[in-house]
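One-letter residues, chain by chain:
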Amino acid sequence: MIKIEIDGKEVSVPKGSSVMDAARQVGVYIPHFCYHKKLSIAANCRMCLVEVEKAPKPLPACATPATEGMKVSTHSQQAIKAQKGVMEFLLINHPLDCPICDQGGECQLQDLAVGYGASGSRYQEAKRAVTNKNLGSLISTDMTRCIHCTRCVRFGQEIAGIMELGMAGRGEHSEILAFVGKTIDSELSGNVIDLCPVGALVSKPFRYSARTWELSRRKSISPHCGLGSNLIVQVKNDRVMRVLPRENEEINECWLSDKDRFAYEGLNSEDRLTVPMIKQNGQWQNCGWEEALTRVAEGMKGAITKYGKTKLGALASPHSTLEELYLLQKLMRGLGSQNVDHRLRQSDFRADSLMQGIPWLGMSIAEVSSLQAILIIGSTLRKDHPLLAQRVRQAVRKGAQLNLVNPIDDDLLTKVENRAIVAPSAMLEMLVQILKAASAIKGESISENVIQGNEQVKVTDVAQAIAVSLIEKAPAAVFLGNMAQHHPLYTDLLSVAQAIAEVTGARLGVLGEAANSVGGYIANAIPWDRKSGSAIPTESNNVGLNAAEMLRLDTNNSEEAACAALLLLNLEPELDTYDGLQARKALDKTAFVVSLSSYKGNISNYADIMLPIAPFTETSGTFVNMEGRVQSFKGVVAPLGEARPAWKILRVLGNLLQLDGFEFNSSEEVLMEAIPSEKQISKGLSNKLNTSVINFRPPSGAMERIGEVPIYQTDPIVRRAPALQATQDARRPLAFASSVLLEKMSVDAGQDVRIIQGNGSATLAIFVDDNLPENCLRVASGSLPTALLGGMFDEITLEKL
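Note that the structure is predicted; figures quoted are calculated from it, not measured.

Colleague: Looking at this model, I keep getting lost on the overall build of the protein. Mind explaining?
Modeller: In terms of helices and strands, the protein carries 24 helices and 32 strands. For the protein, the C-alpha radius of gyration of 28 Å lies close to 28 Å, the compact-globule estimate for 801 residues. Per-residue burial for the protein yields a buried fraction of 62% across its 801 residues. For the protein, the accessible surface area stands at approximately 31300 Å², while carbon and sulfur atoms represent 49% of it.

Colleague: Whenever I open this one, the domain arrangement of the protein confuses me. Can you help?
Modeller: One frequent convention defines the size of an interface as the accessible area lost when the parts assemble. The domains assigned to the protein are domain 1 (2-92), domain 2 (124-268), domain 3 (285-352 + 517-678), domain 4 (365-511) and domain 5 (704-800). Relative to domain 5, the C-alpha centre of domain 3 lies at a distance of 30 Å. Counting residues at the interface gives 19 residues for domain 3, matched by 22 residues for domain 5. Both faces combined, the contact of domain 3 with domain 5 buries some 1600 Å², and carbon together with sulfur accounts for 59% of it. Scanning the region where domain 3 abuts domain 5 turns up three salt bridges.

Colleague: Before we go on, may I ask you to explain the UniProt feature "domain: 4Fe-4S His(Cys)3-ligated-type" (unreviewed entry) in the protein in this structure?
Modeller: When the UniProt feature table is mapped to this numbering, "domain: 4Fe-4S His(Cys)3-ligated-type" (unreviewed entry) covers residues 78-117. A distance of 16 Å separates the end C-alpha atoms of residues 78-117, which is 60% helix and 0% strand.

Colleague: Would you mind showing me how to read the nonpolar core here?
Modeller: Judged by nonpolar contacts, the single largest core of 101 residues is most densely connected at Ile 377, Ile 434, Val 478, Leu 480, Leu 567, Leu 596 and Leu 611. Split by domain, this core shows at least three residues from each of two domains, domain 3 (285-352 + 517-678) and domain 4 (365-511). Apart from the residues lying within four places of it in its own chain, the contact partners of Leu 596 are Leu 567, Leu 568, Leu 569, Asn 570, Leu 611, Ile 613, Ile 649 and Leu 650. Counting 95 residues, the second-largest nonpolar core is a separate cluster that includes Leu 138, Ala 178, Met 626 and Phe 633.

Colleague: How should I be thinking about the pattern of salt bridges in this particular structure?
Modeller: Where charged atoms from two side chains of opposite charge approach closely, those side chains can pair. For the structure shown, the criterion picks out 37 salt bridges. Residues Lys 37 and Glu 247 are paired through a salt bridge, measuring 2.3 Å at the closest nitrogen-oxygen approach. Highlighted residues: Lys 37 in the loop between helix 1 (19-25) and strand 3 (49-52) and Glu 247 in the loop between strand 12 (239-245) and helix 6 (258-262), separated in sequence by 210 residues. Overall, the relative accessible area of 38% leaves Lys 37 in the partly exposed class.

Colleague: For this particular structure, what's the right way to read the packing of aromatic side chains?
Modeller: For any two aromatic rings, the description comes down to two numbers: the centre-to-centre distance and the angle of the planes. Taken as a whole and assessed by the stated rule, the structure comprises three aromatic pairs. Ring centres 5.2 Å apart and planes at 55° place the aromatic pair Phe 155 and Trp 255 in the tilted group. Taken as a pair, Phe 155 in helix 4 (residues 151-160) and Trp 255 in the loop between strand 12 and helix 6 lie far apart in primary sequence, 100 residues in all. Grouping residues by exposure puts Phe 155 and Trp 255 together as buried. Looking at Lys 330, its charged tip hangs above the ring of Phe 662, at a distance of 5.5 Å from the centre.

Colleague: Teacher, can you tell me more about the environment of Arg 697 here?
Modeller: Inspection of the secondary structure puts Arg 697 in the loop between helix 22 (679-684) and strand 27 (704-706). Taking the relative accessible area as the measure of exposure, Arg 697 reaches 45% and is therefore partly exposed. C-alpha of Arg 697 to C-alpha of Lys 3: the two residues are 694 residues apart in sequence and 65 Å apart in space. Setting aside its immediate chain neighbours within four residues, Arg 697 contacts Ser 425 and Leu 489.

Colleague: Can you help me understand the UniProt feature "domain: 4Fe-4S Mo/W bis-MGD-type" (unreviewed entry) in the protein in this one?
Modeller: Per the UniProt annotation, the sites labelled "domain: 4Fe-4S Mo/W bis-MGD-type" (unreviewed entry) are residues 215-271. Helix makes up 9% of residues 215-271 and strand 35%, with an end-to-end C-alpha separation of 25 Å.

Colleague: Looking at this structure, I do not really get the state of the cysteines. What am I missing?
Modeller: By definition, a disulfide links two cysteine residues through a covalent bond between their sulfur atoms. Summed over all chains, the structure comprises zero disulfides. Looking at Cys 254, it has no disulfide partner, and the nearest cysteine sulfur is the one in Cys 149, 14 Å off.

Colleague: Whenever I open this one, the sheet that holds strand 15 (residues 312-316) confuses me. Can you help?
Modeller: What holds strands together in a sheet is hydrogen bonding between their backbones, with the strands either parallel or antiparallel. A sheet is described by the order of its strands in space; here seven strands give the open sequence 14-13-24-23-22-15-16, paired in mixed fashion. Two strands close off the open sheet at either side, each with one partner strand: strand 14 (283-286) and strand 16 (340-341). Pairing of strand 13 (residues 277-280) with strand 24 (residues 609-612) involves two bridges; the strand directions are antiparallel. Each residue of the ladder has a partner; that of Met 277, found in strand 24, is Met 610.

Colleague: What is the right way to look at the confidence of the model for the protein in this model?
Modeller: In low-pLDDT regions, the fine details of the predicted coordinates are not to be read closely. Looking at the protein, pLDDT values average 93 and 98% of them are 70 or higher. Mean pLDDT in the protein bottoms out at helix 12 (residues 448-451), which sits at 74, and peaks at strand 17 (residues 373-377), which reaches 98.

Colleague: Is there a simple way to explain unusual backbone geometry in this structure?
Modeller: Trans peptide bonds make up most of the peptide bonds, and negative phi angles are found at most residues other than glycine. Here the bond from Ala 474 into Pro 475 is cis, since omega is 0°, no more than 30 degrees from zero. Structurally, the position occupied by Pro 475 is in the loop between helix 13 (461-472) and strand 20 (476-480). Positive phi, close to 75°, is recorded for Asn 524, a residue that is not glycine. Relative to the helices and strands, Asn 524 resides in the loop between helix 16 (519-522) and helix 17 (547-550). On the accessibility criterion, Asn 524 (1% relative accessible area) is buried.

Colleague: Just to check I follow, could you spell out the pairing of strand 1 (residues 2-6) for this structure?
Modeller: On a regular strand, one side chain projects to one face of the sheet and the next to the other, so that they alternate. Of the two faces of strand 1, only one is covered, namely that formed by Ile 2, Ile 4 and Ile 6; the face formed by Lys 3 and Glu 5 stays uncovered. In the sheet, strand 1 pairs with strand 2 (residues 9-13) via five bridges, with the strands oriented antiparallel. By the bridge assignment, Ile 6 is partnered in strand 2 with Lys 9. In this structure, the hairpin formed by strand 1 and strand 2 is closed by a connection of two residues, where Asp 7 is found at a positive phi of approximately 50°.

Colleague: In this structure, what is going on with the packing of helix 7 (residues 289-307) against helix 20 (residues 646-656)? I would like to understand it.
Modeller: Axis angle and axis distance: for two packed helices, these are the angle between their axes and the distance between the axes, and together they describe the pair. Between helix 7 and helix 20, the shortest axis-to-axis distance is 10 Å and the interhelical angle comes to 55°. By the angle class used here, helix 7 and helix 20 are oblique. Relative to helix 20, helix 7 is oriented so that their crossing is right-handed. Facing Trp 289, Leu 293, Thr 294, Val 296, Ala 297 and Lys 301 of helix 7, the residues of helix 20 in contact are Ile 649, Val 652, Leu 653 and Leu 656. By residue class, the composition of the contact of helix 7 with helix 20 is eight nonpolar, one polar and one charged.

Colleague: Where do I start with helix 8 (residues 322-334) in this structure?
Modeller: Note that an α-helix has 3.6 residues per turn; residues three or four places apart therefore point the same way. With 13 residues, helix 8 extends 18 Å from end C-alpha to end C-alpha; this agrees with the ideal 18 Å at 1.5 Å per step. Along helix 8, twelve of the 13 residues are buried, which leaves the element largely enclosed by surrounding structure. Looking only at helix 8, the buried set comprises Leu 322, Glu 323, Glu 324, Leu 325, Tyr 326, Leu 327, Leu 328, Gln 329, Lys 330, Leu 331, Met 332 and Arg 333. The positive-phi residue at the C-terminal boundary of helix 8 is Gly 336, with phi of around 95°.

Colleague: Got a minute to help me understand helix 21 (residues 667-674) in this structure?
Modeller: Looking only at helix 21, the buried set comprises Ser 667, Val 670, Leu 671 and Ala 674. Considered in projection along helix 21, the buried side chains sweep an arc of 100° and stay on one side of the axis. Looking at the buried residues of helix 21, the elements they touch are helix 8, helix 16, strand 25 (621-624), strand 26 (630-633) and helix 20.

Colleague: How do you make sense of the sheet that holds strand 32 (residues 797-800) when you look at a structure like this?
Modeller: In spatial order, the strands read 27-31-28-30-29-32; together these six strands make up an open sheet with mixed pairing. Single-partner strands in this sheet number two, and they are strand 27 and strand 32. Geometrically, the sheet is characterised by an average inter-axis angle of 40° between neighbouring strands, direction not taken into account. Direction of pairing for strand 29 (residues 752-757) relative to strand 32: antiparallel, over a ladder of four bridges. Within strand 32, the position partnered with Val 753 by the bridge is Lys 800.

Parameters and conventions
- Residues numbered from 1 in each chain as written.
- Predicted model: local features only at pLDDT ≥ 70, side-chain atom pairs only at ≥ 80, totals over all residues.
- Heavy atoms only, no water.
- Helix = DSSP H or I, 4+ residues; strand = E, 2+ residues; numbered from the N terminus.
- Rg over C-alpha atoms; globule rule 2.2 N^0.38 Å.
- Buried < 20%, exposed > 50% of the residue type's maximum accessible area, 1.4 Å probe, protein only.
- Areas by Shrake-Rupley, 256 points an atom, 1.4 Å probe, with all protein chains shown as cover.
- Domains from an automatic or database assignment.
- Contact = heavy atoms within 4.5 Å.
- Buried area = accessible area lost by both parts, 1.4 Å probe.
- Salt bridge = Lys/Arg side-chain N within 4 Å of Asp/Glu carboxyl O.
- UniProt positions renumbered as here; feature names shortened; annotations may be inferred.
- Core = buried A, V, L, I, M, F, W, Y, C linked by side-chain atoms within 4.5 Å.
- Phe/Tyr/Trp six-rings, centres within 6.5 Å; stacked < 30°, edge-to-face > 60°.
- Lys NZ or Arg CZ within 6 Å of the ring centre and 35° of its normal.
- Disulfide = S-S within 2.5 Å.
- Pairing = 2+ DSSP bridges.
- pLDDT = per-residue confidence, 0-100.
- Axes fitted to C-alpha atoms, helices over the stretch in contact; angles between N-to-C directions.
- Parallel < 35°, antiparallel > 145°, perpendicular 65-115°, else oblique.
- Left-handed = near helix turned anticlockwise from the far one by under 90°.
- Nonpolar A, V, L, I, M, F, W, Y, C, P; charged D, E, K, R; others polar.
- Expected span 1.5 Å × (residues − 1).
- Arc of directions from axis to C-beta.

Now the structure itself:
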């Protein structure tokens, strides 16, 4: 530590700190534009010039290292004169368009010009003008306002991991521009809007819609991924106008993914369901809440009478609040059914009988940045978890080694030390190779359950390298991503990953795909009752049907569904489940379907009653993120039309069905019953499985589908955000295959082909991706053109048209 004096105040700072860091520590504000605490030092705006004792001229506070005994004056006559001089030069070419600028009212240049600008300009020559650039559907430009602070350039290089903006030219001919013909396509691109200190880069969806002083600012939590990013939702006239990041160093820092930032457009979609609707004689009719809820209660009672309690089922989106999930399962169990689940895209549920606790990240989110070795299994990490990927990139920048076992090789925008790109069916074998290599290095024996049937597996060089990385670099972690959780052999992948973690000393984590992937377990929205005293299902726990089983046909009668009555909460089954085709078949055969949804979508094709529920901005609730952190929020606007919070609807249904324990007056009361103590949550988190026999199967040789969920198709709100749907990541679904497979099938790149799975088919254009395994076809799920194909990782065939 060294001592430094700023404006007469003495402060101790770590060696290597800048004058700006020291000033922030004592609460002294130094004007600046290019400096940002999360970015490297550029020192090109010169606004932070300060007087340093014995220095011949003012020095930039952001780039001047603090030294022992240094005396700094930030508001001396010399410093003020230098700062005013810099301001005069910055304003020479700046347009006088504050009245129409979207940044007006929250502009750093505007604020500092009040304190450091002159009342008039001495500059008489013509001002320069810069051509605006098309950066895509999210960011609008007015580059004449740019002051060349380069924050946006440095953000791309250092945080987003990709240089999409750069500065060309010199002096007053300098320009910030993208590469020729390119837009900004990073999943974190919207952060440059926050970083821009002037109105050069502004939000395209928000532009000219409101003034900052007209907006109310309210806190909220993102429902779109497992991170639980903290939000500031800005509201005008009871309508969400903009979403900004709320700083939380332990979760999202000061950043926000584009999905969290721009998905709010979907809240005001024309597809919003605003009144209860019932189907009569095949026709949909609007009705009142009393009639709709009475019909639901009568329908469920009728289903129990006709088919029995075990024929009732409930499926809920993990993007729902914990209170909604809790009351849904309480309603089903009150009616005598254990058929309730929130794990919609999971296909392998064998782990249910082996789990020792709730799957979670295995550490705090902040700890990811300090890891030295990371193994990612089955994840499009950048798209599934944009801000977690950013933390992984920061770890790699500090020297961490990133390893990958994945069926696709998308650019993670960082150095990957070792990668094993294999077909989905070969992922398990690759993990066994890594386990064998690690066990040999450590001299430990492998459990018979793992090695049985795997004796012939040979260790490849890449498996050996991954094992060495996890052992030699500590701390290390093994993470299972979304694709691993959707995989038909998820239980086996998790078992071997657990063995690898134990042998190498790494931490084991599961990357929760939605806001309540962890909260769904806590809320008991699973087919067995955790509250009965056991974390895992047993025969005495009366295990019900899981999500996949509820969406199958009855094994005794193919003309009937497994459930005669289904309650759907906040989901579109053909888009949000593992097998969209199977889901639609089952729903078409289900006698009574009730959908609690914010949107109409295609629900009218299979539902009998549609109840409009409030999305996260119109209700209060709680999300439990992937690290097990409980975060509650309030509604920020009134429900649209006659929509109501889902927890209130479920409470009233419980009353109509005369069930005990539905006397709640607020969501807080529901939360208190669902989570009596937050300490219980941390105790219940565990990725460990009891010993199981690995279900090793050699690849069948059939063509395999790789069906990841694209970043902007994950949930109903995101799917209806126009700006996001206009990005490159949301382009029309395509099929990708290796050039070897296309040559084998005599298909040309860019040609339309028919993709077939079971009785479902889709016609898509196919393109080459030589990073894919040879016998795999990459066809994304979660979108309407591919909704009625089969399972996300099942066999698939290709037909030339």
